[in-house]
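Architecture and fold: a report
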Amino acid sequence: MRFEEGRSRRPAHGLGPRLTLAALAAALVMIPFSLLLVVAKLPLNALDAGVAADLHAYALANPDVTRVLIVWTDLFGPWPWRIAVAAYAVRLLRRGAPRTALWAVTTVTVSGLLAFAIKVVVARARPRLPDPVALAPGDSFPSGHAAGVTVGAGVIVLLMLPSLPRWGRWVAWAVAAFLVLSVGYTRIALGVHWVSDVLAGTVLGAAVLAATVAGFETWRRDQGHRRGSPVIEGVAPESIRAGRER
């Protein structure tokens, strides 16, 4: 079954610019986030240093657990999420929902680019621990894994919500939250990120996701759709309920 975009007689263009503006807004929303940037520029705080030392000692003493953490962090790293979202976007294109696909790809792309740009600007060194159990290239702040899992899991859940029962929606968000927390933990436990790196990556991912969802929702309303509740109904609820993306 194919979706058909555009029940409304209003022009269906303008989503791309809206998502671009939303992405820029997400960057501006990072003004509070700049507080974390200041923390990253300062000498390591007690929380970062203390947690890193404790978890590193545990990782060295429990090599089996460490191996599981390495598999988990790779399995739910940024690239698996990018591939998953791209595959979902292809599915949406085949079903005649290019604008929903554009939203998904734009959200993941913007998150990755912003995380990379901030890494370059801050240029924070990764933890240097004795006998490291894992290594990672590039700068430390913010965590690309934390941003990637926050955005990736969020996008997938928001695309799935319209087809899930009410109880399934809560389960989907609970699984997404678990993945965000668990991946963030692996980055700290493996000694490749500080706590503040992971917090910053999660905040960045959530901000980008919220901004592009808001941009997509305003576009939907301009096309004649009722006000939606994306957190509960997903980003395009009418596409499932009516069998097409309008």
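These notes cover the structure that comes with them.

The rules behind the values
Residues numbered from 1 in each chain as written. Predicted model: local features only at pLDDT ≥ 70, side-chain atom pairs only at ≥ 80, totals over all residues. Heavy atoms only, no water. Helix = DSSP H or I, 4+ residues; strand = E, 2+ residues; numbered from the N terminus. Buried < 20%, exposed > 50% of the residue type's maximum accessible area, 1.4 Å probe, protein only. Contact = heavy atoms within 4.5 Å. Salt bridge = Lys/Arg side-chain N within 4 Å of Asp/Glu carboxyl O. Axes fitted to C-alpha atoms, helices over the stretch in contact; angles between N-to-C directions. Parallel < 35°, antiparallel > 145°, perpendicular 65-115°, else oblique. Nonpolar A, V, L, I, M, F, W, Y, C, P; charged D, E, K, R; others polar. Patch = residues over 30% accessible without salt bridge, like charges linked within 9 Å, V, L, I, M, F, W, Y side chains within 5 Å. Areas by Shrake-Rupley, 256 points an atom, 1.4 Å probe, with all protein chains shown as cover. 1 Å grid on protein atoms, 1.4 Å probe; cavity = no way out; pocket = protein on both sides within 12 Å on 5 of 7 lines; lining within 4 Å. Points joined across faces, edges and corners; volume = space filled by probe spheres on them. Core = buried A, V, L, I, M, F, W, Y, C linked by side-chain atoms within 4.5 Å. Phe/Tyr/Trp six-rings, centres within 6.5 Å; stacked < 30°, edge-to-face > 60°. Lys NZ or Arg CZ within 6 Å of the ring centre and 35° of its normal.

1. Here we look at the overall build of the protein chain
When helices and strands are counted, the protein chain shows 10 helices and zero strands. Beginning at the N terminus, the succession of helices and strands in the protein chain can be written as α-α-α-α-α-α-α-α-α-α. Among the 246 residues that make up the protein chain, the fraction classed as buried is 49%. Contacts in the protein chain between residues at least 24 apart in sequence constitute 79% of all its contacts with a sequence separation of at least 6.

2. A word on the pattern of salt bridges
Inspection of the entire model under this criterion finds three salt bridges. Of the charged contacts in the structure, one is a salt bridge between D48 and R124, with a shortest N-O distance of 3.0 Å. Highlighted residues: D48 in helix α2 (residues 46-61) and R124 in the loop between α5 (98-122) and α6 (144-160), separated in sequence by 76 residues. R124 shares its class with D48; the two are buried. Here D64 ties to R67 by a salt bridge, and the two come within 2.1 Å at their closest N and O atoms.

3. A closer look at the packing of α5 against α6
Their axes nearest at 10 Å, the elements α5 and α6 cross at an angle of 170 degrees. On the basis of the axis angle, α5 is roughly antiparallel to α6. Here α5 contributes T100, W103, A104, T107, V108, S111 and K119 to the contact with α6, which in turn contributes G144, A147, V151, V155, L158 and L159. Each residue belonging to the contact of α5 with α6 can be placed in one class, and the counts come to eight nonpolar, four polar and one charged.

4. Quick notes on unusual backbone geometry
Most peptide bonds adopt trans geometry, and most residues besides glycine take a negative phi value. In this chain, F141 is followed by P142 through a cis amide linkage whose omega measures 0 degrees. If you check the backbone angles, A123 has positive phi at about 55 degrees while not being a glycine. Structurally, the position occupied by A123 is in the loop between α5 and α6. Backbone geometry at D131 places phi at a positive 50 degrees, although glycine is not the residue there.

5. A few points about a nonpolar patch on the surface
Side chains of Y58, V65 and Y185 sit close together on the surface and give an oily, nonpolar patch of about 260 Å² of accessible area. Turning to its location among the elements, Y58 is positioned in helix α2. Judged by relative accessible area, Y58 falls into the partly exposed class, the value being 41%.

6. Quick look at the layout of surface pockets
Approximately 530 Å³ is the volume attributed to the largest pocket. Lining the largest pocket we find 27 residues, and of these P78, R82, K119, G144 and H145 sit closest to its centre. Of all elements in the fold, only α4 (78-94), α5 and α6 reach the threshold of two or more residues within the lining of the largest pocket. Looking at which element gives the most residues to the lining of the largest pocket, the answer is α5, with seven residues. Taken together, the residues that form the lining of the largest pocket break down as 12 nonpolar, nine polar and six charged. The calculated volume of the second largest pocket comes to roughly 210 Å³. Forming the boundary of the second largest pocket are 15 residues, of which T150, G154, W173, A206 and L209 lie nearest the centre. Secondary structure elements with two or more residues in the lining of the second largest pocket: α6, α7 (166-189), α8 (195-222) and α9 (230-233).

7. Some points on the nonpolar core
By size, the foremost hydrophobic cluster in this structure holds 32 residues, and its most contacted members are W81, W103, V155, L158, L159 and V235. Those elements that place two or more of their residues in this core are α4, α5, α6, α7 and α8. Tallying contributions element by element places α6 first for this core, with eight residues. With 10 residues, the next largest nonpolar core counts L55, L69, A134 and A146 among its residues.

8. Details of the packing of aromatic side chains
Counted under the stated rule, the structure contains four aromatic pairs. Taken together, a centroid distance of 6.1 Å and an interplanar angle of 70 degrees make the contact between W72 and F178 edge-to-face. In this pair, W72 is assigned in helix α3 (residues 63-75) and F178 in helix α7, connecting sequence segments 106 residues apart. Exposure remark for W72: the relative accessible area of 27% places this residue in the partly exposed category. On the numbers, 6.2 Å between centres and 55 degrees between planes, the contact of W103 with F216 is tilted. Residue W103 is located in helix α5, and its partner F216 is located in helix α8; the two are separated by 113 residues in the primary sequence. Assigned by exposure class, W103 and F216 land together as buried. Ring-pair connections join several aromatic residues into one group, and the members of that group are W72, F76, W81 and F178. Sitting over the ring of W79, R82 keeps its end group 4.7 Å from the ring centre.

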